[in-house]
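Examining the three-dimensional arrangement
Given next are the chains, with one letter for each unit.
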Amino acid sequence: MSVRTRTRTQTSTIVVLIWLLIGIFAALQRGYFSSDNASCSKLTTVAVTVIAGPLNYVGINPKVECSTPQPSK
């Protein structure tokens, strides 16, 4: 692995980590981590918000609706 490739990989890693940290900060600001009730919709909304990262601050407000299958009676 050349020095140039290693530097590019390190830079990419740093950019991805900063991107995800910004997404976590956006989820914290929206209060997604404050409630105790975990549901499919809430967990996926948090995940998509974190992945969207800085896009949250340009007007993207990802929300995901989902439902889990109910057991048969």
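Preceding this section is the structure that the text describes.
In what follows, the accompanying structure is described. All values reported here derive from a predicted model rather than from experimental measurement.

1. Quick notes on the side chain of S41
Tracing the backbone through its elements, the reader meets S41 in helix 2 (residues 40–52). Residue S41 is classed as buried on the basis of its relative accessible area of 17%. Leaving out residues up to four positions away in the same chain, S41 has contacts with V64, E65 and C66.

2. A look at helix 2
Helix length check: helix 2, at 13 residues, gives a terminal C-alpha distance of 18 Å against a target of 18 Å (1.5 Å per residue), a fit within 8%. The set of residues buried in helix 2 consists of S41, T45, V46, T49, V50 and A52. In an axial view of helix 2, the angular spread of the buried residues amounts to 160°, which keeps them on one side of the axis. For helix 2, exposure combined with an orientation more than 90 degrees from the buried face picks out L43 and I51.

3. Considerations on a nonpolar patch on the surface
Taken together, V16, W19, L20, I51, L55, V58 and I60 make up a surface patch of nonpolar side chains, about 620 Å² in accessible area. Among the elements that take part in the nonpolar patch, helix 1 (residues 3–29) stands out by supplying three residues, more than any other. As for its placement among the helices and strands, V16 is situated in helix 1.

4. Some details on the side chain of T45
By the secondary structure assignment, T45 is in helix 2. Looking at T45, the relative accessible area reads 9%, which means it is buried. Dropping the residues within four chain positions of it, T45 is found in contact with Y32, P62, K63 and V64.

5. Some words on the environment of T45
Expressed as a C-alpha distance, the spacing of T45 and P62, which sit 17 residues apart in the sequence, is 6.5 Å. For T45, the side chain forms a polar contact with the main-chain oxygen of S41, separated by 2.7 Å.

Basis of the calculations
Residues numbered from 1 in each chain as written. Predicted model: local features only at pLDDT ≥ 70, side-chain atom pairs only at ≥ 80, totals over all residues. Heavy atoms only, no water. Helix = DSSP H or I, 4+ residues; strand = E, 2+ residues; numbered from the N terminus. Buried < 20%, exposed > 50% of the residue type's maximum accessible area, 1.4 Å probe, protein only. Contact = heavy atoms within 4.5 Å. Expected span 1.5 Å × (residues − 1). Arc of directions from axis to C-beta. Patch = residues over 30% accessible without salt bridge, like charges linked within 9 Å, V, L, I, M, F, W, Y side chains within 5 Å. Areas by Shrake-Rupley, 256 points an atom, 1.4 Å probe, with all protein chains shown as cover. Salt bridge = Lys/Arg side-chain N within 4 Å of Asp/Glu carboxyl O. Polar contact = N/O pair within 3.5 Å; in protein donor to acceptor, adjacent residues only side chain to side chain.

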